[in-house]
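Below, each chain spelled out in residue letters.
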Amino acid sequence: QVQLVESGGGLVQSGGSLNLSCEGSGGIVAIDTMGWYRQAPGKQRELVAVITSGGNPNYADSVKGRFTISRDSGKRLVTLLMNSLTPEDTAVYYCACRIRAAGSFFFRDYWGQGTQVTVSS
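Rules and cut-offs
Residues numbered from 1 in each chain as written. Predicted model: local features only at pLDDT ≥ 70, side-chain atom pairs only at ≥ 80, totals over all residues. Heavy atoms only, no water. Pairing = 2+ DSSP bridges. Helix = DSSP H or I, 4+ residues; strand = E, 2+ residues; numbered from the N terminus. Disulfide = S-S within 2.5 Å. Buried < 20%, exposed > 50% of the residue type's maximum accessible area, 1.4 Å probe, protein only. Axes fitted to C-alpha atoms, helices over the stretch in contact; angles between N-to-C directions. Lys, Arg positive; Asp, Glu negative; His and termini not counted. Salt bridge = Lys/Arg side-chain N within 4 Å of Asp/Glu carboxyl O. Polar contact = N/O pair within 3.5 Å; in protein donor to acceptor, adjacent residues only side chain to side chain. Contact = heavy atoms within 4.5 Å. Phe/Tyr/Trp six-rings, centres within 6.5 Å; stacked < 30°, edge-to-face > 60°. Lys NZ or Arg CZ within 6 Å of the ring centre and 35° of its normal.

Visitor: Can you lay out the pairing of strand β8 (residues 77-82) for me, pointing to particular residues and giving the numbers?
Guide: Pairing analysis gives six bridges linking strand β3 (residues 18-25) to β8, with the strands arranged antiparallel. Each residue of the ladder has a partner; that of Asn19, found in β8, is Leu81. Where strand β7 (residues 67-72) lies against β8, six bridges are found, and the strand directions are antiparallel. What sits directly across from Thr68, in β8, is Leu81.

Encoded structure:
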């Protein structure tokens, strides 16, 4: 059974940095796009960054120049390095990957359980 497990969240002061990781396990045959989303209290879930299977990243305007997404497909790992954090970055961060699981011909989206990031002012 495919699972995505995030780690690296926590409490940090404004201006600080955190590095989130998400590792896939289970019957993963192939991974297409890998990405990070976040949801702040009272707000809708939003895209933070995605990276294609070819390694091309895309970022939300609000994080461009501050966040860096990277992947290691061999390790089924996607990371999000977050610098210059502000209180507005406070949210639960979710990993999402488009995966073809064993026994399936199709890719579908899988989500992690989320990791809390809190930035204090």
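Visitor: Break down the state of the cysteines for me, with residues and values.
Guide: Evaluated as defined, the whole model comprises one disulfide. The disulfide bridge from Cys22 ends at Cys95, spanning 2.1 Å between sulfur atoms. In this structure the cystine formed by Cys22 and Cys95 twists about its S-S bond by roughly -75°; its chirality is therefore left-handed. Placement of Cys22 in strand β3 and of Cys95 in strand β9 (residues 91-101) is noted, with a sequence separation of 73 residues between them. Accessibility assignment for this pair places Cys22 and Cys95 in one class, buried. Cysteine Cys97 is unpaired, with the sulfur of Cys95 as its nearest cysteine sulfur at 3.8 Å.

Visitor: Can you lay out the sheet that holds β8 for me, pointing to particular residues and giving the numbers?
Guide: Spatially, four strands are ordered β1-β3-β8-β7 in an open sheet, and the strand pairing comes out antiparallel. Both outer strands of the open sheet, β1 (3-7) and β7, are each paired with one neighbouring strand and no more. This sheet shows a mean twist of 15° between the axes of neighbouring strands, independent of strand direction.

Visitor: Account for the side chain of Glu6, with residues named and values stated.
Guide: Along the chain, the position of Glu6 falls in strand β1. Although Glu6 is buried, it forms no salt bridge, and the closest oppositely charged side chain is Arg45 at an N-O distance of 7.9 Å. In terms of polar contacts, Glu6 uses its side chain to reach the backbone amide nitrogen of Cys95, at 2.7 Å. Within the structure, Glu6 has its side chain in polar contact with the backbone nitrogen of Gly114 (distance 2.8 Å). Not counting residues within four places of it along the chain, the set of residues in contact with Glu6 comprises Ser21, Cys22, Trp36, Tyr93, Tyr94, Cys95, Gly112, Gln113, Gly114 and Thr115.

Visitor: Report on the pattern of salt bridges, specifying residues and quantitative values.
Guide: Following the criterion strictly, the structure yields five salt bridges and no others. The partner of Lys64 in a salt bridge is Asp61, and the shortest N-O contact between them spans 3.1 Å.

Visitor: I'd like a description of the environment of Gly24, backed by residues and values.
Guide: Note that Gly24 resides in strand β3. As a C-alpha pair, Gly24 and Thr115 span 91 residues in sequence and 15 Å in three-dimensional space. Other than its neighbours up to four places away in sequence, Gly24 contacts Gln3, Leu4 and Arg76.

Visitor: Residues and numbers for the packing of aromatic side chains, please.
Guide: Evaluated as defined, the whole model comprises one aromatic pair. Consider the rings of Tyr37 and Trp111, whose centres lie 5.0 Å apart with planes at 55°: the pair is tilted. Here Tyr37, found in strand β4 (residues 28-39), pairs with Trp111, found in strand β10 (residues 107-111); they are 74 residues apart in sequence, far enough to count as distant. Residue classification places Tyr37 among the partly exposed residues on the basis of a relative accessible area of 24%. On the basis of relative accessibility, which here comes to 38%, the residue Trp111 falls in the partly exposed class. Between the NZ or CZ atom of Arg45 and the centre of the ring of Tyr94, over which it lies, the distance is 3.8 Å. Sitting over the ring of Tyr110, Arg108 keeps its end group 4.0 Å from the ring centre.

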